[in-house]
Amino acid sequence: MEKSLEQKLEEFQQKIDAEIRIEPTDWMPDEYRKTLIRQISQHAHSEIVGMLPEGNWITRAPNLRRKAVLLAKVQDEAGHGLYLYSAAETLGADREETIDDLHSGKAKYSSIFNYPTLTWADIGAVGWLVDGAAIMNQVPLCRCSYGPYARAMVRVCKEESFHQRQGFEIMMRLAQGTPEQKAMAQDALNRWWWPALMMFGPTDKDSKHSAQSMNWKIKRISNDDLRQQFVDITVPQAEMIGLSVPDKDLVWNEETQHYSYGEINWDEFMNVVAGNGPCNKERVTARRKAKEEGMWVREAAAAFAEKRKSAKKAS
Ligand code: FAQ
């Protein structure tokens, strides 16, 4: 006898509660599928758009070693994007449509990539703070209830951890360098600190998807708790290299054993997410242009595949 929807929903939640992974061919509620497609595709777009601010410095890296490392890092981000588009496909998402949504400005990607990388120190700050925040958010996703996403996150986190270290090392070297180099590092920290805190999303009170996503064990730790963990880990790192976090309200709280930090400018966050940040238009235009300019490769590959298929049929 066909199970009722209520029965299916109950069994699904029991699996989740028992920490049994959901796989692509398993039954799942439509909303669970939709939530995952939304989060995974936004995540994929973030990895791909995230290549742009860093790619901007590949030709200007200060030496060959820095250039090779940055090149490898940017290629890793492309790999992460491709894993994630594949993970979204296992849920029935159409890759071309997903990418078209990015190019039309319909799809979201992380707010952080709408800020410009003005100096070499920004590459250090992006690695240290942006990859640092990304790891903080993605390590719990390795325990996400959806199998393909959780497994993709394991490798992604290993690579992000190398990225974070290379960023911190750039900042450390600059902070130990000439007064001008140290000032450049401080300026990058000043500009990237608050946008990095925004990466974790709205406060728990304002996060519309959190309660359901936590219940389905897609998200394991709330936006505010992850943000707090990030502050607690990163502030001592800044102190260690002699840089100061640009927050006059930042103070260690003995009672909670956490740092208390100042108010985030949520108007700025909403404005950037709405498409009006400093680089939103530039980012989407660059991705669109990449697709248009690479179209001949796709067309040639498709024509070649077609030709081989006909040749095989004929033989
Ligand atoms: N930017 O209800 P919530 C990286 C949206 S990867 C833009 O809290 P949720 C690697 C959110 O989508 C960085 N939009 O949503 C790298 C939702 O909008 P919707 C990306 C944001 O999903 C490093 C609405 O606000 N990481 O950095 C942002 O439960 C260096 C309400 O928010 C991931 O994507 C934001 N910051 O929690 C690459 C990780 N925050 O869809 C290159 C996976 C929120 O209703 C270089 N994603 N929104 O229209 C997640 O963990 C979650 O999706 C959150 C948001 C935590 C981002």
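Everything that follows concerns the structure shown earlier in this document.
Everything quoted here is computed from the prediction, not taken from an experiment.

Draft legend 1. View of the site of the ligand. What surrounds the ligand is a group of 35 residues, the closest being Gln42, Lys108, Ser207, His209 and Lys219. Within the contact set of the ligand, an oxygen atom lies 2.7 Å away from a side-chain nitrogen or oxygen of Gln42. Met199 places a main-chain nitrogen or oxygen 3.3 Å from a nitrogen atom of the ligand. The protein chains hide 92% of the 1100 Å² of surface that the ligand would expose on its own. Broken down by secondary-structure element, the contributors of at least two residues to the shell around the ligand are helix H2 (30-49), helix H4 (64-89), helix H6 (120-138), helix H7 (147-175) and helix H11 (266-276). Sorting elements by how many residues they give to the shell around the ligand places H2 first, with six residues. Here the residues of the shell around the ligand are counted per class, giving 12 nonpolar, 13 polar and 10 charged.

Draft legend 2. Broad picture of the packing of helix H8 (residues 179-198) against helix H10 (residues 223-240). It is the contact of H8 with H10, at a shortest axis distance of 10 Å, that shows an interaxial angle of 160°. Accordingly, the angle class assigned to the pair H8 and H10 is roughly antiparallel. In this structure, the crossing between H8 and H10 has a hand that is right-handed. Each of Leu189, Trp193, Ala196, Leu197 and Met198 in H8 lies in contact with H10, whose residues at this interface are Arg227, Phe230, Val231, Thr234, Val235 and Ala238. In terms of residue class, the contact of H8 with H10 is built from nine nonpolar, one polar and one charged.

Draft legend 3. Looking closely at a nonpolar patch on the surface. A cluster of nonpolar side chains, contributed by Leu5, Leu9 and Trp27, occupies part of the molecular surface with about 270 Å² of accessible area. Along the chain, Leu9 falls in helix H1 (residues 5-17). What makes Leu9 partly exposed here is its relative accessible area of 36%.

Draft legend 4. Highlighting the pattern of salt bridges. Taken as a whole, this structure holds 26 salt bridges when the rule is applied. Measuring nitrogen to oxygen at the nearest pair gives 2.9 Å for the salt bridge that ties Lys73 to Asp131. With a gap of 58 residues between them, Lys73 in helix H4 and Asp131 in helix H6 connect regions that are remote in the sequence. According to the relative accessible area criterion, Asp131 is buried, its value standing at 4%. Between Glu169 and Arg173 there is a salt bridge whose closest N-O contact spans 3.7 Å. Of the two residues, Glu169 and Arg173 both sit in helix H7, four residues apart, roughly one turn of that helix. Residue classification places Glu169 among the partly exposed residues on the basis of a relative accessible area of 21%. Overlapping salt bridges, with partners in common, bring together Glu54, Lys73, Glu77 and Asp131 in one network.

Draft legend 5. The packing of H4 against H6, seen in detail. In the contact formed by H4 and H6, the axes pass within 13 Å of each other and the chain directions differ by 45°. Classed by the angle they form, the pair H4 and H6 counts as oblique. Crossing of H4 against H6: the hand is left-handed. Of the residues in H6, those touching H4 at Arg66, Leu70, Lys73 and Glu77 are Trp120, Ile123, Gly127 and Asp131. Of the residues belonging to the contact of H4 with H6, the class tally is three nonpolar, one polar and four charged.

Conventions and cut-offs
- Residues numbered from 1 in each chain as written.
- Predicted model: local features only at pLDDT ≥ 70, side-chain atom pairs only at ≥ 80, totals over all residues.
- Heavy atoms only, no water.
- Near = heavy atom within 4 Å.
- Polar contact = N/O pair within 3.5 Å; in protein donor to acceptor, adjacent residues only side chain to side chain.
- Areas by Shrake-Rupley, 256 points an atom, 1.4 Å probe, with all protein chains shown as cover.
- Helix = DSSP H or I, 4+ residues; strand = E, 2+ residues; numbered from the N terminus.
- Nonpolar A, V, L, I, M, F, W, Y, C, P; charged D, E, K, R; others polar.
- Axes fitted to C-alpha atoms, helices over the stretch in contact; angles between N-to-C directions.
- Parallel < 35°, antiparallel > 145°, perpendicular 65-115°, else oblique.
- Left-handed = near helix turned anticlockwise from the far one by under 90°.
- Contact = heavy atoms within 4.5 Å.
- Patch = residues over 30% accessible without salt bridge, like charges linked within 9 Å, V, L, I, M, F, W, Y side chains within 5 Å.
- Salt bridge = Lys/Arg side-chain N within 4 Å of Asp/Glu carboxyl O.
- Buried < 20%, exposed > 50% of the residue type's maximum accessible area, 1.4 Å probe, protein only.

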